[in-house]
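Architecture and fold: a report
Residues per chain are reported as follows:
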Amino acid sequence: VQLQASGGGLVQAGGSLRLSCAASGGTLSRYLMGWFRQAPGKEREFVAAISWSGGRTTYGDSVKGRFTISRDNAKNTVYLQMNSLKPEDTAVYYCAAEGGRWAWEVDVTTTAYSYWGQGTQVTVSS
């Protein structure tokens, strides 16, 4: 499965963006999905994940209460709604997918995911 992340851009602090991750070459309906981000000079960081059933989500501590992950299996797309953005949210955001998981399973580690999108840049100005 190939993943294409989009929706990044430049936004002022306090603003919102919605990232999308569209799949081709397969259906995402049975894939655990995650969002990660990487700022310059830093390691890739977990942001959010959603089980393939959609019934369970988990978030990194730095984004809890501000970001929401969701999925529309009919559209083969996963979303990351980002509100109350801060300059420290500036990074390249990547979506990732992993199959063969239980319906309610989530994972926060980069090594758990086999498929990665190309990333989309999010820049938050102060």
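Structure first, text after, so check above.
Residues numbered from 1 in each chain as written. Predicted model: local features only at pLDDT ≥ 70, side-chain atom pairs only at ≥ 80, totals over all residues. Heavy atoms only, no water.

You will see that Asn-76, though not glycine, has its phi angle at about 55 degrees, which is positive. Take Asn-76: it is sitting in the loop between β7 (67-72) and β8 (77-82). By relative accessible area, which is 14% here, Asn-76 ends up buried. Of note, the phi angle at Ser-84 is positive, near 50 degrees, even though the residue is not glycine. Along the chain, Ser-84 falls in the loop between β8 and β9 (91-98). For Ser-84, a relative accessible area of 42% gives the class partly exposed. (Helix = DSSP H or I, 4+ residues; strand = E, 2+ residues; numbered from the N terminus. Buried < 20%, exposed > 50% of the residue type's maximum accessible area, 1.4 Å probe, protein only.)

Counted residue by residue, β8 has 5 buried out of 6 residues, so it is predominantly covered. By the bridge criterion, 6 bridges tie strand β3 (residues 17-24) to β8 in an arrangement that is antiparallel. Bridge pairing in β8 places Leu-17 opposite Met-82. Bridge count for β7 against β8 is 6 bridges, and the pairing is antiparallel. Bridging from a neighbouring strand, Phe-67 pairs with Met-82 of β8. (Pairing = 2+ DSSP bridges.)

Note on placement: Arg-18 falls in strand β3. Overall, the relative accessible area of 46% leaves Arg-18 in the partly exposed class. Separated by 49 residues in the primary sequence, Arg-18 and Phe-67 have C-alpha atoms spaced 9.4 Å apart. Among all residues touching Arg-18, those that are not within four sequence positions of it are Ser-6, Gly-7, Tyr-79, Leu-80 and Gln-81. (Contact = heavy atoms within 4.5 Å.)

As a further point, take the pattern of salt bridges. For the coordinates displayed, the defined rule picks out 6 salt bridges. Ionic pairing is found between Arg-66 and Asp-89, a salt bridge with its closest N-O pair at 2.7 Å. In this pair, Arg-66 sits in the loop between β6 (57-59) and β7 while Asp-89 sits in the loop between β8 and β9, placing the two residues 23 residues apart along the sequence. Given a relative accessible area of 10%, Arg-66 falls into the buried group. Between Arg-101 and Glu-105 there is a salt bridge; the shortest N-O distance is 2.8 Å. Judged by its relative accessible area of 19%, Arg-101 is buried. On the accessibility criterion, Glu-105 (25% relative accessible area) is partly exposed. (Salt bridge = Lys/Arg side-chain N within 4 Å of Asp/Glu carboxyl O.)

Attention shifts here to the nonpolar core. In a soluble, globular protein the nonpolar side chains are often hidden away together inside. By size, the foremost hydrophobic cluster in this structure holds 30 residues, and its most contacted members are Leu-3, Leu-28, Met-33, Trp-35, Leu-80, Met-82 and Tyr-93. Counting 8 residues, the second largest nonpolar core, distinct from the first, contains Ala-96, Val-106, Ala-112 and Tyr-113. (Core = buried A, V, L, I, M, F, W, Y, C linked by side-chain atoms within 4.5 Å.)

Attention now goes to the packing of aromatic side chains. Aromatic ring pairs: the centre-centre distance and the angle between the two ring planes describe each pair. Under the criterion given, the structure shown has 5 aromatic pairs. Arranged with centres 5.6 Å apart and planes meeting at 70 degrees, the rings of Phe-36 and Phe-46 form a pair that is edge-to-face. Placement of Phe-36 in strand β4 (residues 32-38) and of Phe-46 in strand β5 (residues 45-50) is noted, with a sequence separation of 10 residues between them. Looking at Phe-36, the relative accessible area reads 0%, which means it is buried. Judged by centre distance (5.3 Å) and plane angle (75 degrees), the ring pair of Phe-36 and Tyr-113 falls under edge-to-face. (Phe/Tyr/Trp six-rings, centres within 6.5 Å; stacked < 30°, edge-to-face > 60°.)

Geometric descriptors of this kind do not, in isolation, establish any biological role.
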